[in-house]
Amino acid sequence: MPTVEVTDLKDGDFLLDVREDDEWQAGHAAGALHIPLSEFVARYGELTEAAPQDGRVHVICRSGGRSAQVTMYLVQQGVDAVNVDGGMQVWAAAGRPVVDGKGEPGHVL
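The shown structure was predicted, so the numbers you read here are calculated from the model rather than taken from an experiment.

### Describing the overall build of the protein
Looking only at helices and strands, the protein has four helices and five strands in total. For 109 residues, the compact-globule estimate of 2.2 N^0.38 gives 13 Å, and the C-alpha radius of gyration of the protein, at 13 Å, lies within 12% of that figure. Looking at the protein as a whole, 43% of its 109 residues qualify as buried. Counting only contacts in the protein whose residues sit at least 6 apart along the sequence, the fraction spanning at least 24 positions is 62%.

Here it is as C-alpha coordinates:
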(Lines give C-alpha, C1' and ligand atoms only; values in the text may rest on other atoms or scores of the structure.)
Protein backbone atom coordinates (compact mmCIF):
# COMPACT_ATOMS: atom_id res chain seq x y z
CA MET A 1 0.00 0.00 0.00
CA PRO A 2 1.64 3.26 -1.06
CA THR A 3 1.49 5.57 1.97
CA VAL A 4 2.58 9.09 2.82
CA GLU A 5 2.80 10.89 6.15
CA VAL A 6 0.79 14.07 6.74
CA THR A 7 4.04 15.87 7.49
CA ASP A 8 5.33 14.99 4.00
CA LEU A 9 2.43 16.75 2.24
CA LYS A 10 3.17 20.13 0.75
CA ASP A 11 0.82 23.02 0.06
CA GLY A 12 -0.67 22.46 -3.37
CA ASP A 13 -0.53 18.64 -3.26
CA PHE A 14 -3.74 17.18 -4.71
CA LEU A 15 -5.88 15.80 -1.87
CA LEU A 16 -8.94 13.55 -2.26
CA ASP A 17 -11.17 13.29 0.82
CA VAL A 18 -13.37 10.16 0.79
CA ARG A 19 -15.25 10.73 4.06
CA GLU A 20 -19.03 11.08 4.16
CA ASP A 21 -20.86 14.41 3.82
CA ASP A 22 -21.37 15.03 7.56
CA GLU A 23 -17.66 14.50 8.23
CA TRP A 24 -16.73 16.83 5.35
CA GLN A 25 -19.11 19.56 6.53
CA ALA A 26 -17.66 19.44 10.07
CA GLY A 27 -14.09 19.86 8.90
CA HIS A 28 -11.78 19.17 5.96
CA ALA A 29 -8.55 20.33 4.40
CA ALA A 30 -9.12 23.47 2.34
CA GLY A 31 -8.79 22.78 -1.37
CA ALA A 32 -9.42 19.05 -1.11
CA LEU A 33 -11.73 17.30 -3.59
CA HIS A 34 -14.61 15.56 -1.79
CA ILE A 35 -15.99 12.31 -3.16
CA PRO A 36 -17.44 10.06 -0.42
CA LEU A 37 -16.40 6.40 -0.49
CA SER A 38 -20.09 5.43 -0.79
CA GLU A 39 -20.30 7.37 -4.09
CA PHE A 40 -16.75 6.91 -5.34
CA VAL A 41 -17.21 4.48 -8.22
CA ALA A 42 -20.21 6.41 -9.60
CA ARG A 43 -18.33 9.72 -9.36
CA TYR A 44 -14.90 8.47 -10.50
CA GLY A 45 -15.03 10.79 -13.52
CA GLU A 46 -14.95 13.82 -11.21
CA LEU A 47 -11.59 12.66 -9.92
CA THR A 48 -10.14 12.08 -13.38
CA GLU A 49 -11.23 15.58 -14.43
CA ALA A 50 -9.85 17.31 -11.31
CA ALA A 51 -6.65 15.38 -10.64
CA PRO A 52 -3.39 16.60 -12.17
CA GLN A 53 -2.56 14.61 -15.32
CA ASP A 54 0.89 13.51 -14.24
CA GLY A 55 0.50 14.21 -10.53
CA ARG A 56 -0.09 12.15 -7.46
CA VAL A 57 -3.47 11.73 -5.75
CA HIS A 58 -3.21 11.84 -1.94
CA VAL A 59 -6.25 10.02 -0.51
CA ILE A 60 -7.47 10.87 3.00
CA CYS A 61 -10.31 9.85 5.31
CA ARG A 62 -10.70 10.02 9.10
CA SER A 63 -8.01 7.52 10.10
CA GLY A 64 -6.79 5.75 6.96
CA GLY A 65 -9.07 2.74 6.42
CA ARG A 66 -11.47 4.04 3.79
CA SER A 67 -8.72 5.95 2.03
CA ALA A 68 -6.66 2.74 1.84
CA GLN A 69 -9.53 1.05 -0.05
CA VAL A 70 -9.74 3.93 -2.54
CA THR A 71 -5.96 4.08 -2.90
CA MET A 72 -5.84 0.37 -3.79
CA TYR A 73 -8.61 0.87 -6.36
CA LEU A 74 -6.85 3.87 -7.92
CA VAL A 75 -3.51 2.05 -8.11
CA GLN A 76 -5.29 -0.82 -9.91
CA GLN A 77 -6.60 1.78 -12.39
CA GLY A 78 -3.04 2.96 -13.06
CA VAL A 79 -3.35 6.18 -11.03
CA ASP A 80 -0.38 7.40 -8.98
CA ALA A 81 -2.20 7.37 -5.62
CA VAL A 82 -1.05 7.20 -2.00
CA ASN A 83 -2.90 6.77 1.28
CA VAL A 84 -2.42 9.56 3.84
CA ASP A 85 -1.39 7.69 6.98
CA GLY A 86 -3.58 8.49 9.99
CA GLY A 87 -6.00 10.58 7.94
CA MET A 88 -7.68 13.77 9.08
CA GLN A 89 -7.10 12.90 12.74
CA VAL A 90 -3.34 13.16 12.22
CA TRP A 91 -3.82 16.15 9.86
CA ALA A 92 -5.58 18.11 12.61
CA ALA A 93 -3.18 16.91 15.33
CA ALA A 94 -0.26 18.14 13.21
CA GLY A 95 -1.79 21.63 13.23
CA ARG A 96 -2.75 21.60 9.55
CA PRO A 97 -5.75 23.86 8.81
CA VAL A 98 -9.25 22.38 9.00
CA VAL A 99 -12.25 24.29 7.62
CA ASP A 100 -15.96 23.52 7.77
CA GLY A 101 -18.48 23.57 4.93
CA LYS A 102 -18.70 27.38 5.15
CA GLY A 103 -14.93 27.94 5.10
CA GLU A 104 -14.80 28.71 8.82
CA PRO A 105 -12.52 26.87 11.28
CA GLY A 106 -13.74 23.28 11.53
CA HIS A 107 -13.07 20.07 13.42
CA VAL A 108 -12.65 16.40 12.56
CA LEU A 109 -15.53 14.06 13.37
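Right, picking up where we left off after that structure.
### Overview of the sheet that holds strand β4 (residues 57-60)
Pairing in this open sheet of five strands is parallel, and the strands run β1-β5-β4-β2-β3 from one edge to the other. Edge strands, defined here as strands with exactly one partner in the open sheet, are β1 (3-5) and β3 (33-34). Sheet topology places strand β2 (residues 15-17) next to β4; three bridges connect them, and they run parallel. Bridge pairing in β4 links leucine 16 to valine 59.

### Topic: helix α3 (residues 65-76)
Residues spaced three or four apart along an α-helix point in a common direction, a consequence of the helix completing one turn every 3.6 residues. Between the first and last C-alpha of α3 there are 17 Å, a value that for 12 residues agrees with the 16 Å anticipated at 1.5 Å per step. Of the residues making up α3, those classed as buried are Ser67, Ala68, Val70, Thr71 and Leu74. Summarising the axial view, the buried residues of α3 lie within an arc of 165 degrees, below the 170-degree limit, and thus occupy one face. Taken together, the buried residues of α3 touch β2, α2 (44-50), β4 and β5 (81-85).

### Description of the UniProt feature "domain: Rhodanese" (unreviewed entry) in the protein
The positions that UniProt labels "domain: Rhodanese" (unreviewed entry) are, in the present scheme, residues 9-100. With 35% helix and 15% strand, the stretch residues 9-100 has end C-alpha atoms that lie 20 Å from each other.

### Observations concerning the packing of aromatic side chains
The geometry of an aromatic ring pair is captured by the separation of the ring centres together with the interplanar angle, meaning the angle of the planes. Within this structure, the stated rule accounts for three aromatic pairs. Ring geometry for phenylalanine 40 against tyrosine 44: centres 6.0 Å apart, planes inclined by 75 degrees, an arrangement best described as edge-to-face. Both rings, one in phenylalanine 40 and one in tyrosine 73, keep their centres 5.9 Å apart while their planes meet at 90 degrees; by these two values the pair is edge-to-face. Placement of the pair is phenylalanine 40 in the loop between β3 and α2 and tyrosine 73 in helix α3, with a sequence separation of 33 residues. By relative accessible area, phenylalanine 40 is classed as buried at 3%. Of the residues examined, tyrosine 73 reaches a relative accessible area of 26% and is grouped as partly exposed. By the ring-pair criterion, three or more aromatic residues cluster together here, those being Phe40, Tyr44 and Tyr73.

About the criteria used
- Residues numbered from 1 in each chain as written.
- Predicted model: local features only at pLDDT ≥ 70, side-chain atom pairs only at ≥ 80, totals over all residues.
- Heavy atoms only, no water.
- Helix = DSSP H or I, 4+ residues; strand = E, 2+ residues; numbered from the N terminus.
- Rg over C-alpha atoms; globule rule 2.2 N^0.38 Å.
- Buried < 20%, exposed > 50% of the residue type's maximum accessible area, 1.4 Å probe, protein only.
- Contact = heavy atoms within 4.5 Å.
- Pairing = 2+ DSSP bridges.
- Expected span 1.5 Å × (residues − 1).
- Arc of directions from axis to C-beta.
- UniProt positions renumbered as here; feature names shortened; annotations may be inferred.
- Phe/Tyr/Trp six-rings, centres within 6.5 Å; stacked < 30°, edge-to-face > 60°.

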